[in-house]
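What follows is each chain in one-letter form.
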Protein chains: 4
Amino acid sequence: MAEHRFQPTRFHNTLGPHEPALSIAPGDTVVTDTLDAWGADATGAIVGTRPNPMTGPFLVEGAEPGDTLRVTIERMAPNRDRGWTFSVLAPNVVDPQRAAQMPERERVEWIIDRDAGTVRLENPPTRLRDWVLPLAPMIGCCGVAPALGQAISTATSGPHGGNMDYRGITAGVTLSFPVFRPGALFFLGDCHACQGDGEIVGTGIETSFEVAFTVEIDKGRTIGWPRGENAESIFTLGNARPLDQALQHATTEMLDWLSRDYAMDAVTASHFLGQTVRYDVANVFNPAYSVACRVAKEDLERAGATA
Amino acid sequence: MAEHRFQPTRFHNTLGPHEPALSIAPGDTVVTDTLDAWGADATGAIVGTRPNPMTGPFLVEGAEPGDTLRVTIERMAPNRDRGWTFSVLAPNVVDPQRAAQMPERERVEWIIDRDAGTVRLENPPTRLRDWVLPLAPMIGCCGVAPALGQAISTATSGPHGGNMDYRGITAGVTLSFPVFRPGALFFLGDCHACQGDGEIVGTGIETSFEVAFTVEIDKGRTIGWPRGENAESIFTLGNARPLDQALQHATTEMLDWLSRDYAMDAVTASHFLGQTVRYDVANVFNPAYSVACRVAKEDLERAGATA
Amino acid sequence: MAEHRFQPTRFHNTLGPHEPALSIAPGDTVVTDTLDAWGADATGAIVGTRPNPMTGPFLVEGAEPGDTLRVTIERMAPNRDRGWTFSVLAPNVVDPQRAAQMPERERVEWIIDRDAGTVRLENPPTRLRDWVLPLAPMIGCCGVAPALGQAISTATSGPHGGNMDYRGITAGVTLSFPVFRPGALFFLGDCHACQGDGEIVGTGIETSFEVAFTVEIDKGRTIGWPRGENAESIFTLGNARPLDQALQHATTEMLDWLSRDYAMDAVTASHFLGQTVRYDVANVFNPAYSVACRVAKEDLERAGATA
Amino acid sequence: MAEHRFQPTRFHNTLGPHEPALSIAPGDTVVTDTLDAWGADATGAIVGTRPNPMTGPFLVEGAEPGDTLRVTIERMAPNRDRGWTFSVLAPNVVDPQRAAQMPERERVEWIIDRDAGTVRLENPPTRLRDWVLPLAPMIGCCGVAPALGQAISTATSGPHGGNMDYRGITAGVTLSFPVFRPGALFFLGDCHACQGDGEIVGTGIETSFEVAFTVEIDKGRTIGWPRGENAESIFTLGNARPLDQALQHATTEMLDWLSRDYAMDAVTASHFLGQTVRYDVANVFNPAYSVACRVAKEDLERAGATA
């Protein structure tokens, strides 16, 4: 149950079978830093390359293919006072005719007030002069080394996780990932100070962070797609295009979860989800879109379903 | 400002330029009944045909093409004690391989306790023996006569509204529809006692309802897709396949709304939506899927944006 | 077996249960004129309204819901010397980023040389100064009154046919449509002097035509989607978005055809199609995209499969 | 201009920055063997693992990132007398409801008559008793090491090529791939004795092959997606889901090609493609679907456009 303070010096643009940056044991906590999406660290120095340079990988001792890696995000906070976004909606979230009429996108700076817990545009358009938003930290890209020895770009995502850009991945959540390689090899980075659904401007408020996380292994438990749990909900994440297929992956994974841990057969789970399911559009920007299939714990309890 | 108690005797399976069932004036309230999706009324008698027989159309005096019809759902309540759903997830919401393994779907009965404000399965599977859910009424299908003199099946949806199956269409919401025909010709039906996101079993809890609504006309205001507003939020609805395109339509319509009523140009609206937007997956079952693009009024106020 | 020369005076922007323009008997041939997509006739006079004004409907005596209407295109030829197209690729056929960089689209004129059987741009860009193409006539929009009493815009398509913009619908083809209304109510229009796959500039070479067609009824034969047959091939047409779903509809309809007329069960048809099928992308521009699933008669013969 | 006879002993399930199997020079020809999709060689022995074990990589001396690798398929022939397919259509090529009714898929054996140049089912269903098809060899999976140091599964495809399953990749075609790594690192495998459009049963007729290919480098020429050329046509390949996006990638790449090599600006290329383009559905089975955008050389010549 060690706590490691890990200072990264090498960063990766793929999730793959890279040399472990640190070996840790189940139960251990790591406190580490992440770069922003374009490689800037806490000082603003560019020390990594695009896209989304990752901290890690962390080898978790004892994790074997077929197991599940559980990662609890203990806390996360930006470690600098500035972030950035793009200035216009991505062309794939508006009608194609409208996309052609949008102004050109620029990189825009934000001020992060860590004491106040807020963010605001540095040079806001007039209409947003007084606009101050609560800080809402999230991890844009995290996951494990994929199946088949693949090394997959941090621009995209898959069953191994990756660039899912889901605002639900934040402090207090426990994520689960399928383990494909000995040691699982966990990566993280691309954290955002805030982001709406869908990452529709193509970024959250991109900045560097300090993140603390704890790992565990579920030996012999095999899952198909990333899963998460927090105080209110359980959720699964499906990654694909179009959104329809991402939703299919997430729903299928939730069926498996309800079957194994909540003793719901296909009809029981259908009744339950049909009346209670919530879908979150995590991102509609990356090469693979991401959808979360979410169930409230209150609904599980109401159904007498406890894991 | 009359209140009409309208008892329907004819029902329509298309939204189109049908003979008005009742002419009403702006400001008028109508209290009327709707059949369930398969045509059963409050007594359970089958008096309409599939799919989704509609009550109406209501001709709103003075509405002209290019105007907007506003419909406030004042209240809605089931008028019988039973509803029904399908028993398994639709094949298009799970992975194709999994869809092939699902049991055959059956129609399943639910008990609606109107006094307690709850719903429950009549013959629940063991696991859901004690499952009782809050009643959560919504209108599955409503809208106006479409453009070009079209008459479009109540199974699907479009810019005119129709079978959007969005759980956000409930008492307290004010909907807006583009007017394509003199008098607008408003239809409603296919109400549900409850439904999760996506209508993923292919139904909500289908039953007959009494609905009270009030109409207004926004003269000379032209919109592109259905919109809504309640105490907490404003939202737009896009209808198409795949989900990606439904989301594009909804987002584009929200851009137009923010531009006209909240004085946000494309960059301002992009900044605002990029950090605050929420998407709801209304349905992923019908021939056209529906996505709501939703903005919290709290976020509009924080941005100093008041309509 | 009458031959009717029908001069249309009224045109429709929907396929629906409209007043018949002419009643004809099975075996009859009709020679009639069609307007171009924007309503211009042989003289260039605008006598119909957008989109795609239709000639018809032709009521076929004896056709009943559940039957199949067969329409053989006997011959078709432009009846004027000019046509037009749009000047740039539609935004939905190129990458969204690229779409934003395309020039604005304009309407561009073409010269149709009916004697030579060729088409050419009136004012070609330098690079295409000497470009002369063979005339390749096709019907962009044809079909029958849809199910449920619907009236559906001639901009889109469905099981009833409509705006499929398939270059395979030309002289020598026999089309089949499901009959949904007594008399079937056949419409046609929106003919093109030429068009590549996909109608990717949003038009073919739009012009007015004279078309001769003969009708027959297959009593008691029920089909799900439009089908066609010519000297070389049989094909089915699926209409939907995304292309994936259009392809699913077309393939499913071909399975039904091979099952009923060629005695192929699901495995037999799978073996056969797996090695021989061809798909044509009819249009990727309209609200519903269209895909043809095509099988060569030579392949059917090789498999000993004759209808 | 050496000719190498290369006997592979190691196979790869990813296209990535693997140790070169052989270094060759521009102009060199390689004659080598490929395994079938499940790893069986000419003797039927299983010497590679699923999916689609690749022969290679071949390092091409002098190829640098930003160059283009050209690979001419000189000849290809099966090197054993048996192949196999799956027995039913994939669930994603028919309507979801129909997919649920298809029989379970089995692996089915085919006889390859190399002398006669034909293929036939070993145990055909009655209806296909006499069905004999011409041998039509093609390469299912080929490409180069991807960008960013990625290693990507041979089940899928991308800008680097991969599992495109296009029946147009056969003897006589010259393929072009973007070079992302020094030496390009060319892989090939998963050849088919025959296949219809779309690889709709999830396989072609899978067997092992001998393939001869020659490599060249286009120094300083940068392309975005795989391209091809044979005696009749030039084509580009786009890989993505849904088919719509694959088609967008392929069309955008063709625009670039017509611009650079045929001096066509956006409007000129739009006119040209609008009337002449053909799309082939390469596969609708793999995680990324593949579409070919194809232009006949006859059409280029007619337009006075010669590269």
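The structure presented is a predicted model; accordingly, all values stated were derived computationally and were not measured. (Residues numbered from 1 in each chain as written. Chains lettered and ligands numbered in written order. Predicted model: local features only at pLDDT ≥ 70, side-chain atom pairs only at ≥ 80, totals over all residues. Heavy atoms only, no water.)

Attention shifts here to the sheet that holds strand β5 (residues 55-60) of chain C. Residues and elements named next belong to chain C. Strand order in the open sheet made by the 6 strands is β3-β5-β16-β11-β14-β13, with mixed pairing throughout. Only two strands of the sheet have a single partner each, and these edge strands are β3 (22-24) and β13 (157-158). Bridge count between strand β11 (residues 138-144) and strand β14 (residues 161-163): 3 bridges; the pairing is antiparallel. Counted as the bridge partner of cysteine 142 is glycine 162 from β14. (Pairing = 2+ DSSP bridges. Helix = DSSP H or I, 4+ residues; strand = E, 2+ residues; numbered from the N terminus.)

All right, on to the interface of chain B and chain C then. Often, the extent of an interface is quoted as the loss of accessible area on bringing the components together. At the interface, 13 residues of chain B touch 13 residues of chain C. When chain B packs against chain C, the two sides together hide about 930 Å² of surface, and 59% of this comes from carbon and sulfur. Scanning the region where chain B abuts chain C turns up 0 salt bridges. The interface formed by chain B and chain C contains 4 residue pairs in polar contact (both at pLDDT 80 or more). (Contact = heavy atoms within 4.5 Å. Buried area = accessible area lost by both parts, 1.4 Å probe. Salt bridge = Lys/Arg side-chain N within 4 Å of Asp/Glu carboxyl O. Polar contact = N/O pair within 3.5 Å; in protein donor to acceptor, adjacent residues only side chain to side chain.)

All names here are of chain C. Where helix α2 (residues 243-262) contacts helix α3 (residues 266-276), the axes come no closer than 10 Å and their chain directions differ by 120°. One finds that α2 runs oblique with respect to α3. With respect to the hand of their crossing, α2 and α3 are arranged in right-handed fashion. Note on element contacts: α3 touches α2 through Ala269, Phe272 and Leu273, opposite Met254, Leu255 and Leu258. A class-by-class count of the residues in the contact of α2 with α3 yields 6 nonpolar, no polar and no charged. (Axes fitted to C-alpha atoms, helices over the stretch in contact; angles between N-to-C directions. Parallel < 35°, antiparallel > 145°, perpendicular 65-115°, else oblique. Left-handed = near helix turned anticlockwise from the far one by under 90°. Nonpolar A, V, L, I, M, F, W, Y, C, P; charged D, E, K, R; others polar.)

Once that is clear, we can look at helix α3 (residues 266-276) of chain D. Summarising burial for α3 of chain D: 9 of the 11 residues are buried, a large majority. Among the residues of α3 of chain D, those classed as buried are Thr268, Ala269, Ser270, His271, Phe272, Leu273, Gly274, Gln275 and Thr276 of chain D. (Buried < 20%, exposed > 50% of the residue type's maximum accessible area, 1.4 Å probe, protein only.)

Below, the discussion takes up the sheet that holds strand β10 (residues 133-134) of chain B. Residue and element names in this part refer to chain B. Across the sheet, 4 strands lie side by side as β7-β8-β9-β10; this open sheet has antiparallel pairing. On the outer flanks of this sheet lie β7 (82-86) and β10, each paired with one strand and no other. In this structure, β7 lies alongside strand β8 (residues 107-113), joined through 5 bridges in antiparallel fashion. Of the residues in β8, the one forming a bridge with arginine 82 is isoleucine 111.

All names here are of chain A. Here the domain parsing of chain A yields domain 1 (3-80 + 138-218), domain 2 (82-134) and domain 3 (233-302). Its C-alpha centre places domain 1 at a distance of 22 Å from the equivalent point of domain 3. Listed by partner, the interface residues are 20 residues for domain 1 and 15 residues for domain 3. Note on domain 1 versus domain 3: buried area summed over both sides is about 1,200 Å², and carbon and sulfur give 56% of it. The largest share of the area that domain 1 buries against domain 3 comes from Met164, Tyr166 and Gly198, three residues that together contribute 42% of it. One can count 0 salt bridges joining domain 1 with domain 3. For the pair domain 1 and domain 3, the interface holds 9 residue pairs in polar contact (both at pLDDT 80 or more). Taken together, the elements giving at least two residues each to the side of domain 1 that touches domain 3 come down to β13 (157-158) and β14 (161-163). Its residues placed into classes, the side of domain 1 that touches domain 3 shows 7 nonpolar, 9 polar and 4 charged. (Domains from an automatic or database assignment.)

A separate point is the packing of aromatic side chains. Throughout the structure, instances matching the rule amount to 40 aromatic pairs over all chains. Seen in terms of ring centroids, phenylalanine 58 of chain C and phenylalanine 213 of chain C are 5.3 Å apart; in terms of plane orientation they differ by 70°. Their pairing is edge-to-face. Of the two residues, phenylalanine 58 of chain C sits in strand β5 while phenylalanine 213 of chain C sits in strand β17 (residues 209-218), which places them 155 residues apart along the sequence. As far as burial versus exposure is concerned, phenylalanine 58 of chain C and phenylalanine 213 of chain C are alike and both buried. Ring pairs connect the aromatic residues Phe6, Phe58, Phe177, Phe186 and Phe213 of chain A, which therefore count as one cluster. Its end group placed over the ring of tryptophan 38 of chain B, arginine 50 of chain B keeps NZ or CZ at 3.5 Å from the ring centre. Sitting over the face of the ring of phenylalanine 86 of chain C, arginine 105 of chain C holds its NZ or CZ atom 3.6 Å from the ring centroid. (Phe/Tyr/Trp six-rings, centres within 6.5 Å; stacked < 30°, edge-to-face > 60°. Lys NZ or Arg CZ within 6 Å of the ring centre and 35° of its normal.)

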